[in-house]
Amino acid sequence: MKMFKKIVSTFLVLLLILSLLSGCSSSSNSSKSSSENSNTSQKTVTLRFMWWGGDNRHKATLDAISLYEKEHPNVKINAEYGGVTDYLQKLITQLSSGTAPDLVQIDVTWLQQLFSQGDFFADLNKLKDIDVSAFDQNFLKSYCYVDNKLIGLPTGINNSTMYINKDFFDKFGIDDKTVWTWDNLLQTAKMVHEKDKNAYLLDADSTICDYILVTYVGQKTGNQWVNDDYTLGFDKQTLTEAFKYLNSLFEAGAIEPFSQSAPYEGKPDQNPLWLNGQTGMLWNWSSIYANVKSNIKNLSMALPPIDPNAKQTGIVVRPSQLIAINKDSKNMDEAAKFLNWFFTNSEAIKTLKDVRGVPATENARKILSDNNLLDSVLTDNANQAMEKMSPPENGISGNQELEKINTDIIQELAYKKITPEQAADKLINTYKQKLPEIKNQQ
């Protein structure tokens, strides 16, 4: 009997031990399972984000990315950035080959050309993690939709503007509050170059001269540069007059000879004459304000010249850029979360400031103003531009192939290889060949 009790006792002890071991094993497995579930929900995601800009934009965007990565340790964002030169062609190649980044910065004038290559971007209205209610809906509808799809969100409000080096203006006795017309711009430019043969009123390359050409013509006609039906928005007489005006700027010494400024084609804000105060005005976009301000401390802004009898001002107001999501992104949800954060998070807004122009949402503008992070020079200029803005530019007028035709002909004019009359003939004849090709691609 004693032996039986001893056996039972031993058996019970063994059962207890086995039970305890089983419990430990179960607990261990449960812990492991919980850990695995946690790792699954926080799996590492890598996004690629591509943009162009200057050093200030690059630094602010990188700082914003770092902030997001700290808040979301499972997300890694690879930054791909540089200048605007060849950016569009690189993007088209990547999109066509299926190697494009998850998020891309694009220009609204590229939309027609990009969509002629294919349907590459997600409809942001269909992504649950993106809230577009903070944006002005009319602004979105005017610029950010293609075929009823919301292609991208606007990084800022961008307008054509004249940057003014106030020290240069003081030196030559020019009032930085001058309201510019084509006539007083030319007369002022002559005065400057007569006083100092090494000084030029305008810091301009062939692209900026294209702005001058298109704006001058638009004010005379009141039309789009190219009509919606792919016909010319101007006649030969008006175009010849515009080329004659441009040529008068070259002959008056208003613009540094292209033979000298050629190394800075596409980046006039980096031209040493501008940086050293030997040129006084830069016609460009307000979205590069932060970069310009970092080099020209005593900076002012004005609207581009407007003819007193203009049928439209030619003042362009549009998104600085759009940020879109590649519809083939393998991490669409995470890309959408980052994009929404980029535009709505208060710390992101304060980090990015105005490196892409005046922010496109009222909330972002208020946050920056409350923290003294929005320059009044920039906001005043944007307000003036919005008061005098022209109707939105249509897609074909901003086509990059047409711009290349313009700039090539402008360079021939600047080098005196052709006359203004010949320049007008050449542009019209080339357009008549190119426009049907572009129309057939749509």
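What comes next concerns the included structure. Because the structure is a prediction, the values reported are computed rather than measured. (Residues numbered from 1 in each chain as written. Predicted model: local features only at pLDDT ≥ 70, side-chain atom pairs only at ≥ 80, totals over all residues. Heavy atoms only, no water.)

1. Points about helix α7 (residues 182-195)
Put simply, the test is: Only DSSP runs of H or I reaching four residues or more are called helices, and only runs of E reaching two or more are called strands; each is numbered from the N terminus. Multiply 1.5 Å by the residue count of a helix minus one, and that product is the helix's expected span. For every residue, the accessible area (1.4 Å probe, protein chains only) is compared with the maximum for its type, and the residue is labelled buried under 20%, exposed over 50%, or partly exposed between those bounds. Throughout, the arc means that of the directions going from the helix axis to the C-beta atoms. Contacts are assigned to residue pairs that have any heavy atoms within 4.5 Å of one another.
Its 14 residues place the ends of α7 20 Å apart at the C-alpha level, agreeing with the 20 Å of an ideal helix rising 1.5 Å per residue. Buried within α7 are the following residues: Trp-182, Leu-185, Leu-186, Thr-188, Ala-189, Val-192 and His-193. Seen along its axis, α7 keeps its buried residues to an arc of 165 degrees; they face one direction. Exposed and oriented more than 90 degrees from the buried face of α7 are Asp-183, Glu-194 and Lys-195. Considering only its buried residues, α7 is in contact with β7 (157-165), α6 (166-171), β8 (200-203), α8 (206-221), α9 (236-251) and β9 (279-285).

2. Describing the nonpolar core
Put simply, the rule is: Only buried Ala, Val, Leu, Ile, Met, Phe, Trp, Tyr and Cys residues count toward a nonpolar core, and they belong to the same one when joined by side-chain atoms within 4.5 Å.
Among the nonpolar cores identified, the biggest contains 67 residues, and Leu-201, Leu-239 and Phe-243 are the most heavily contacted of them. If sequence neighbours within four positions are ignored, Leu-201 has contacts with Phe-168, Phe-169, Ile-174, Leu-185, Thr-188, Ala-189, Val-192, Ala-254, Thr-279, Gly-280 and Met-281.

3. A word on the pairing of strand β12 (residues 322-325)
Note the threshold: A pair of strands is considered paired only if DSSP assigns at least 2 bridges between the two.
Here β12 shows no split at all, with Leu-322 and Ala-324 on one side and Ile-323 and Ile-325 on the other all buried. Here strand β3 (residues 103-106) runs beside β12; their pairing, made up of four bridges, is antiparallel. Across the sheet, residue Ile-106 finds its bridge partner in β12, namely Leu-322. Note: strand β6 (residues 152-154) against β12, three bridges, orientation antiparallel. Residue pairing across strands places Pro-154 opposite Leu-322, the latter belonging to β12.

4. Description of the side chain of Glu-69
Our working rule: Within this scheme the basic residues Lys and Arg register as positive and the acidic residues Asp and Glu register as negative, but His and the chain ends are omitted. We define a salt bridge as a side-chain nitrogen of Lys or Arg found within 4 Å of a carboxyl oxygen belonging to Asp or Glu.
Inspection of the secondary structure puts Glu-69 in helix α2 (residues 55-71). The side chain of Glu-69 sits in the buried core without any salt bridge; Lys-76 is the nearest counter-charge, 4.1 Å away.

5. Let's talk about the sheet that holds strand β1 (residues 45-52)
Counted only if it meets this: Angular values range over 0 to 180 degrees, each being the angle between N-to-C directions of two axes fitted as lines to C-alpha atoms, with helices fitted over their stretch in contact.
Taken in spatial order, the five strands make up an open sheet running β2-β1-β3-β12-β6, and their pairing is mixed. Of all the strands in the sheet, just β2 (75-82) and β6 have a single pairing partner and so form its edges. Looking at each pair of strands side by side, their axes are set apart by 20 degrees on average, direction ignored. The strands touched by α2 are β1, β2 and β3; relative to β2, the strand with the most contacts, the crossing angle is about 175 degrees. Along the sheet face, helix α3 (residues 87-97) touches β1, β2 and β3 and points at about 145 degrees away from the line of β1.

6. Structural notes on the pattern of salt bridges
Scanning the model with the defined rule gives 20 salt bridges in all. The partner of Glu-421 in a salt bridge is Lys-244, and the shortest N-O contact between them spans 3.6 Å. You can see Glu-421 sitting in helix α18 (residues 420-441) and its partner Lys-244 sitting in helix α9, a full 177 residues away along the chain. Relative accessible area serves as the criterion here: at 34%, Glu-421 is assigned to the partly exposed category. Here Glu-412 ties to Lys-426 by a salt bridge, and the two come within 2.6 Å at their closest N and O atoms. Of this pair, Glu-412 sits in helix α17 (residues 400-414) while Lys-426 sits in helix α18; the two residues are 14 residues apart in sequence, bridging distant segments of the chain. Salt bridges linked by common partners bring Asp-119, Lys-149 and Lys-327 together as one network.

7. Considering unusual backbone geometry
For Tyr-230, which is not a glycine, the phi torsion comes out positive at approximately 70 degrees. Along the chain, the position of Tyr-230 falls in the loop between α8 and α9. Given the relative accessible area of 15%, Tyr-230 is considered buried. Positive phi, normally seen in glycine, also occurs at Asn-372, with a value near 55 degrees. Taking relative accessible area as the criterion, Asn-372 reaches 72% and is therefore assigned exposed.

The analysis is restricted to geometry; functional conclusions fall outside its scope.
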